[in-house]
Amino acid sequence: MRYTILLLTFVFLLVPGLAEAQCAMCRAVLESEGSEAAAKGINNGIVYLMAIPYLLVAGLFFFIYKKMKA
């Protein structure tokens, strides 16, 4: 079980680098401006803003699970 949790943690930490989270409109506007660095920066910001609440909720449920099990 411990190895599974460790593996999932690494996978979730690597996923934001691979995910594409921009909506079609944001992506079209940023790519038409020609600044690919800005588009990548906006995309990374969206992914990180999306991931943090999920990590917080997962941590909360993990601590609740540990308290209930003990």
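Residues numbered from 1 in each chain as written. Predicted model: local features only at pLDDT ≥ 70, side-chain atom pairs only at ≥ 80, totals over all residues. Heavy atoms only, no water.

Structural notes on the overall build of the protein chain
A tally of regular secondary structure across the protein chain gives 3 helices and 0 strands. When the helices and strands of the protein chain are read in sequence order from the N terminus, they spell out α-α-α. For the protein chain, with 70 residues in total, the buried portion stands at 10%. With an accessible surface of roughly 6200 Å², the protein chain has 74% of that area assigned to carbon and sulfur atoms. (Helix = DSSP H or I, 4+ residues; strand = E, 2+ residues; numbered from the N terminus. Buried < 20%, exposed > 50% of the residue type's maximum accessible area, 1.4 Å probe, protein only. Areas by Shrake-Rupley, 256 points an atom, 1.4 Å probe, with all protein chains shown as cover.)

Comments concerning helix α3 (residues 36–69)
Helix length check: α3 (34 residues) gives 49 Å between terminal C-alpha atoms against 50 Å at 1.5 Å per residue, within 8%. Among the residues making up α3, those that are buried are A39, N43, V47 and A51. (Expected span 1.5 Å × (residues − 1).)

Some points on the UniProt feature "transmembrane region" (unreviewed entry) in the protein chain
The sites that carry the UniProt feature "transmembrane region" (unreviewed entry) are, in the present numbering, residues 45–65. Helix makes up 100% of residues 45–65 and strand 0%. Its end C-alpha atoms lie 31 Å apart. (UniProt positions renumbered as here; feature names shortened; annotations may be inferred.)

Quick notes on the confidence of the model for the protein chain
Residue-level pLDDT values for the protein chain average 79, and 84% of them are 70 or greater. Here helix α2 (residues 24–32) is the element of the protein chain with the lowest mean pLDDT, 72, and α3 is the one with the highest, 86. (pLDDT = per-residue confidence, 0-100.)

Notes on a nonpolar patch on the surface
On the surface, a nonpolar cluster with roughly 690 Å² of combined accessible area is contributed by L7, L8, V11, F12, I52, L55 and L56. Looking at the nonpolar patch, the elements with two or more residues in it are α1 (2–18) and α3. Secondary-structure assignment places F12 in helix α1. (Patch = residues over 30% accessible without salt bridge, like charges linked within 9 Å, V, L, I, M, F, W, Y side chains within 5 Å. Salt bridge = Lys/Arg side-chain N within 4 Å of Asp/Glu carboxyl O.)

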